[in-house]
Amino acid sequence: MVWLGALASAGLLWLAFPPVGWGAIVFIAPVPLLWGLRRAKSRWAAAGAIYLFGLVFFTSLLWWVAISTRVGAVVLFPVMGLYLVPLGWIVWRTRSWPPGLWWMVVVGGWAATEWVRGHWPFGGFPWGSLGTAVGDVPALRATAQWVGETGLSVLAVAIAAGLVLVLERKSARWLVGAVGIGLVLMLGGSLWPPHTDGNVLRVAVIQGSSPCPGRYCPGENQEIFDSHLALTRTLDAGSVDLVIWPESSAQYEAETLTNPRNGEAVAAEAVRLDASILVGSTRAVGDRGFVNANVLYGPDGVVVGEYRKRQGVPFGEYVPFRRYLGWVKEIDRVSRDMVPGERPVVWNLPQGSFASVICFEAAFPRHVREAVRAGARFVVVTTNESGYGRSAATLQFSEMTRMRAAENGIDMVHASITGSSALITADGTIIERTRIMEPAILRGEVGFRTLGPTLYNRAGDWVQLLAIAGFLIAVGLGVWRQRVR
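Residues numbered from 1 in each chain as written. Predicted model: local features only at pLDDT ≥ 70, side-chain atom pairs only at ≥ 80, totals over all residues. Heavy atoms only, no water.

Here the focus is the overall build of the chain. Counting secondary structure elements, the chain contains 17 helices and 14 strands. Against the 2.2 N^0.38 benchmark of 23 Å for 485 residues, the chain shows a C-alpha radius of gyration of 23 Å, consistent with a compact globule. In the chain, which comprises 485 residues, the share counted as buried stands at 58%. Taking the intrachain contacts of the chain between residues at least 6 apart in sequence as the baseline, contacts between residues at least 24 apart amount to 71%. Working note: accessible area of the chain is about 19700 Å², and carbon and sulfur atoms make up 62% of it. On the chain, the mean spot of the 43 positive side-chain charges and the mean spot of the 35 negative ones are 15 Å from each other. (Helix = DSSP H or I, 4+ residues; strand = E, 2+ residues; numbered from the N terminus. Rg over C-alpha atoms; globule rule 2.2 N^0.38 Å. Buried < 20%, exposed > 50% of the residue type's maximum accessible area, 1.4 Å probe, protein only. Contact = heavy atoms within 4.5 Å. Areas by Shrake-Rupley, 256 points an atom, 1.4 Å probe, with all protein chains shown as cover. Lys, Arg positive; Asp, Glu negative; His and termini not counted. Charge placed at Lys NZ, Arg CZ, Asp CG, Glu CD.)

Set out below in structure tokens:
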């Protein structure tokens, strides 16, 4: 039963994320797993079952990683399951505890597992957070302004654990309490969704696509630059305030700061349009490093400044312990290590201030939160994603971006070379998006937020941390009760 429960939960949770995207399933997806763990015959059976759950779920969710790096996938998938093993053991170990203590152990233990996975090692890998799937429910997504994506994860597992106790006829109070909190949050999110109230900015996202996505072809970098330049030249003068080119749209030999011809072409377009242009720039640093940056050109064609990506993709943009992994031939594909930036960068336009984050960074709530706390009132996410073809990667990633918007109450733009690019409002609604693998211009208006920071932006992952504190208290009480007996 425990193995079937693990497989059932893995399948249900996969349905909650794109490409299917039935987000509401997330509230019941953990139930078969938790039910089975309480009936496991030993701690090893419990640990094995939850590892199987993690292996099946993350492999099915992240299979697209193998498109880019097979070695990375072979390492990533088994490791993702390992994060869950301590949780499986403790859920089984506390199965005979009073319902309330067990419920607190499950909720806080799951929260602690997601916290660790989002921070360690190499900065973490938060893909597959329950809160991301909850964001598919608009009224609850709006409440991220108060509790964050991590708080919605806590709510999801709280309801699931409460359901297990009801099915076992142990206690209904924990389910009733969790559902009650969820309903209150939904009402609040419906009545007071996050919104912007400041000036409006006319934006144009240039999705130039790639001549050979997912593989290298001669002259690719210049062709990508030329396609973005050609689309930009179709814009009418005075029709836009900010033009956005995605990550790596000007790369290495096609980079605008080191290739004078390309730099002059972008500057000329900024002057012609009387608009700022944000260009995704990748350029070499020394013999073994590179910088992944967003470079801003002002309406006068002069470079205003740049933001350098701070958190790279392990084994994708840099190789940890490279000196010890020389025997792994595939790491030669990552011939240079990214030189990280140090801090958020905020630019001032006449309409308001904005910032950018680059690709992988938007999966982490902390990076967008830091940009807003630094003064940004609108945020751009630039990404490449051409290496993942038509897979669900881009859809899963844009789901994370919409949660960043709702958490901070800001409009956001998700700009991708191959799509899907999107315009996202402050409540996380995707109002318009492009097709994958099709050159396109996405035009629209975004607003600046002057209302002040949201509760989540001020307090961060406070719900998640409270759940973890509850876990520690519950474990302490449970151990004390056993010793007294």
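This next bit is on the environment of Q311. Note on placement: Q311 falls in the loop between β6 (303-308) and β7 (337-338). Taking relative accessible area as the criterion, Q311 reaches 9% and is therefore assigned buried. In this structure the C-alpha to C-alpha distance between Q311 and A6, which are 305 residues apart in sequence, comes to 33 Å.

Disulfide: a covalent bond connecting the sulfur atoms of a pair of cysteines. Within the structure shown, the criterion is met by one disulfide. Between the sulfur atoms of C212 and its disulfide partner C217 the distance amounts to 1.9 Å. Its torsion about the S-S bond being -75 degrees, the disulfide of C212 and C217 is classed as left-handed. Side by side, C212 and C217 carry an identical accessibility label, which is buried. Looking at the unpaired C359, the closest cysteine sulfur is the one in C212, lying at 18 Å. (Disulfide = S-S within 2.5 Å.)

Here we come to the packing of aromatic side chains. The tally for this structure, following the rule as stated, stands at 17 aromatic pairs. An angle of 65 degrees between the planes, with centres 6.0 Å apart, marks the rings of F122 and F321 as edge-to-face. Highlighted residues: F122 in the loop between α7 (99-117) and α8 (130-134) and F321 in the loop between β6 and β7, separated in sequence by 199 residues. Within the aromatic cluster, the residues linked to one another by ring pairs are W64, F125, W127, F360, F364, Y388 and F397. If you follow R38 out to its NZ or CZ, it ends over the ring of W102, 4.4 Å from the centre. Taking the ring centre of W35 as reference, the NZ or CZ of R39 above it sits at 3.7 Å. (Phe/Tyr/Trp six-rings, centres within 6.5 Å; stacked < 30°, edge-to-face > 60°. Lys NZ or Arg CZ within 6 Å of the ring centre and 35° of its normal.)

So, about the packing of helix α3 (residues 43-61) against helix α5 (residues 70-82). Put simply, α3 and α5 touch, their axes get as near as 7 Å, and they point 140 degrees apart. Accordingly, the angle class assigned to the pair α3 and α5 is oblique. In this structure, α3 crosses over α5, and the sense of that crossing is right-handed. Contact residues: α3 offers Y51, G54, L55, F58 and T59, while α5 offers F77, P78, M80, G81 and L82. Of the residues belonging to the contact of α3 with α5, the class tally is seven nonpolar, three polar and no charged. (Axes fitted to C-alpha atoms, helices over the stretch in contact; angles between N-to-C directions. Parallel < 35°, antiparallel > 145°, perpendicular 65-115°, else oblique. Left-handed = near helix turned anticlockwise from the far one by under 90°. Nonpolar A, V, L, I, M, F, W, Y, C, P; charged D, E, K, R; others polar.)

A full pass over the atoms with the stated rule returns 15 salt bridges. In this structure, the salt-bridge partner of R233 is E269, at a minimum N-O distance of 4.0 Å. With a gap of 36 residues between them, R233 in the loop between α12 (220-232) and β2 (242-244) and E269 in helix α13 (residues 260-273) connect regions that are remote in the sequence. Since its relative accessible area comes to 49%, R233 is described here as partly exposed. Across the salt bridge formed by E399 and R402, the nearest N and O atoms sit 3.1 Å from each other. Here E399 pairs with R402, and both are found in helix α15 (residues 393-408), just three residues apart, close to one helical turn. Taking relative accessible area as the criterion, E399 reaches 11% and is therefore assigned buried. Its relative accessible area of 10% is what places R402 among the buried residues. By sharing partners, the salt bridges in this structure join E255, R283, E306 and R308 into a single network. (Salt bridge = Lys/Arg side-chain N within 4 Å of Asp/Glu carboxyl O.)

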